[in-house]
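Chain by chain, the residues:
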Amino acid sequence: MALIKLHDKQFGPFLSKETIAERIQTMGKQITLDYADKDPLFVIVLNGAFMFASDLLKEIDIISDLSFIKVSSYEGTETSGQVKNVLGLQDEIKGRHVVLIEDIVDTGITLEYLNNYMIEKGALSVEIATLLFKKDAYQKEYKLKYTGFEIPNKFVVGYGLDYDGLGRNINEILKLSETKNNMLNIVLFGPPGAGKGTQSEKLAQKYGLVHISTGDVFRGLDPQSDLAKLAKSYSDKGNLVPDDITIKILESEVQKHPDAKGVIYDGFPRTSAQAEALDSFLASKGTSVTFMLALEVEEEELRTRLKNRAIDSGRPDDADPEIIQNRIDVYNKQTAPVASHYKEQGKYKAIDGIGSIEEITERLFTAIDGVEA
Ligand code: 5GP
């Protein structure tokens, strides 16, 4: 299974539904044996334990009463260390053998509180059945009688457990993925002639990044190949190569560098659809676009630069004023909206693209270092 994104975080596979089911069967048998003649009261600690309780109780062969309570002690991925309240307990506890059904025991604060609460209410005995136990985070003496899995001190979701409201209905347990979130993935953006290629090289060198230019990839294809001919038929007129082709090419380029510290995307994404495709592609690899750096240059200056570049680049799309104008128009119409995509994510940084190459490079370095710090 690929990574799953919940809010701002990525989660990857941890305990499969088969592994969980097998363990719960064993736990159910043990509880059945231990409580067969004790008339237990199962107290289910909501919300997280709902899925575990449902599956566990099906494996317990004792007709018994159930009670549902709610306790809250967590916000986001950090413990607040505060147990607030017990809500919803309607059954008489006095004289009962209570089995608390919990999804996860972390510090043990919740559990200790509940144990004391049940004893105060007159329970004859209190034991716990928890699916997960974070042994290294546990701070209490109280022994856990039935534990499904001892797990490392990592944040998990799924199978009843949530991350800020999401993930409870996932049928397996996932853990927070920290794999590649420290990659530096830069989208270098700007109209044709803004200096993206030149600046990308400088950034790649300074930060040790892989530079991927979809334009260079297309131009580097075997000219006799169908793909090259198809791409050329669009770019020679100043039009964009269709999204599905560009996205495929881009993904295969990225896959060639599995250990990259980061990537500079030069000339990609050029449409909103490509921006969305890049987001989900990177999410599936446990990473994301760090930010977009947008080189801003006025049209008149662009036209002059492209005409000059045509003299040494030999690119047919640089030479003809009509094609140049079409490239600028296509940029304004199809590509400029990509900026909004990153603005909405708070990842957009405008960079003044007028000045010497060195001056612009310096501005880019400052923008990156400011964000990295
Ligand atoms: P404790 O009081 O033992 O520190 O925390 C117990 C409660 O914290 C659990 O019932 C659960 O709500 C929450 N919790 C602890 N660790 C995790 C975790 O890794 N993932 C999720 N989703 N909740 C957790």
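Within every chain, residues take consecutive numbers counted from 1 along the sequence as written. Local features in a predicted model are, by the rule used here, given only for residues with pLDDT of at least 70; side-chain atom pairs are given and counted only at 80 or more, and totals for whole chains, interfaces and linings are based on all residues. Side-chain metrics in this entry use all non-hydrogen atoms of the structure; hydrogen atoms and water are not considered.

Draft legend 1. Fine view of the pairing of strand 13 (residues 210-213). Buried, partly exposed and exposed residues are distinguished by accessible area as a fraction of the type maximum, computed with a 1.4 Å probe on protein chains only: under 20%, between the cut-offs, and over 50%, respectively. We count a stretch as a helix when DSSP gives it H or I for four or more residues in a row; a strand needs E for two or more, and each element gets its number in order from the N terminus. Neither face of strand 13 is exposed, since Val210 and Ile212 on one face and His211 and Ser213 on the opposite face are all buried. With 4 bridges connecting them, strand 13 and strand 14 (residues 262-266) associate as parallel partners. Across the sheet, the residue bridging to His211 is Ile264, located in strand 14. Two strands are counted as paired when DSSP detects at least two bridges linking them.

Draft legend 2. Structural detail: the site of the ligand. Close to the ligand lie 17 residues; Thr107, Thr110, Lys134, Val156 and Asp162 are nearest. Pairs of N or O atoms are called polar contacts if they sit within 3.5 Å, as long as, within protein, a hydrogen donor faces a hydrogen acceptor (for residues adjacent in sequence, only side-chain-to-side-chain pairs). Between the ligand and Gly108, the relevant distance is 2.9 Å, taken from an oxygen atom to a main-chain nitrogen or oxygen of the residue. Here Val156 contributes a backbone N or O atom positioned 2.6 Å from a nitrogen atom of the ligand. The accessible surface values rely on the Shrake-Rupley method and a 1.4 Å probe; as for residues, cover is taken only from the protein chains in view. Out of a free accessible area of 520 Å², the ligand has 90% covered by protein chains. Here the element with the most residues in the shell around the ligand is strand 7 (residues 97-105); it accounts for 4 residues. Following the grouping adopted for this structure description, the nonpolar residues are Ala, Val, Leu, Ile, Met, Phe, Trp, Tyr, Cys and Pro, the charged ones are Asp, Glu, Lys and Arg, and the polar ones are all others, Gly among them. In terms of residue class, the shell around the ligand is made up of 7 nonpolar, 4 polar and 6 charged. The nearness test applies per residue and asks whether one of its heavy atoms lies within 4 Å of the molecule or strand.

Draft legend 3. Summary view of the packing of helix 8 (residues 272-284) against helix 11 (residues 321-344). Whenever a helix is involved, its axis is fitted only over the stretch in contact; in every case the axis is a line through C-alpha atoms, and angles between N-to-C directions fall within 0 to 180 degrees. Between helix 8 and helix 11, the least distance of the axes is 8 Å, while the angle of their chain directions is 35 degrees. Here Ser272, Ala275, Glu276, Leu278 and Asp279 of helix 8 come into contact with helix 11, specifically with Pro337, Val338, His341 and Tyr342. The residue inventory of the contact of helix 8 with helix 11, partitioned by class, reads 5 nonpolar, 2 polar and 2 charged. Two residues form a contact once any of their heavy atoms are found within 4.5 Å.

Draft legend 4. Here's a closer look at the side chain of Ser200. The residue Ser200 is located in helix 4 (residues 196-207) in this model. On the basis of relative accessible area, Ser200 is assigned to the buried category, the value being 0%. Here the side chain of Ser200 touches Lys196 through a polar contact of 2.7 Å, landing on its backbone oxygen. Excluding its chain neighbours within four sequence positions, the residues that come into contact with Ser200 are Leu188, His211, Ile264 and Asp266.

Draft legend 5. Geometry of the pattern of salt bridges. Throughout this description, the term salt bridge denotes a Lys or Arg side-chain nitrogen within 4 Å of a carboxyl oxygen of Asp or Glu. Evaluation of the coordinates by the stated rule reveals 13 salt bridges. Here Lys256 ties to Glu253 by a salt bridge, and the two come within 2.7 Å at their closest N and O atoms. When its relative accessible area of 54% is taken as the criterion, Lys256 is described as exposed. In this structure Glu253 comes out as buried when scored by relative accessible area, which is 14%. Connected through shared salt-bridge partners, Asp39, Asp65 and Arg96 make up one network.

Draft legend 6. Seen up close, the environment of Leu230. Inspection of the secondary structure puts Leu230 in helix 6 (residues 226-235). What makes Leu230 partly exposed here is its relative accessible area of 37%. Sequence separation between Leu230 and Thr290 is 60 residues, and the spatial gap between their C-alpha atoms is 32 Å.

Draft legend 7. Up close: the environment of Ser284. With respect to the helices and strands, Ser284 occurs in helix 8. C-alpha of Ser284 to C-alpha of Glu150: the two residues are 134 residues apart in sequence and 28 Å apart in space.

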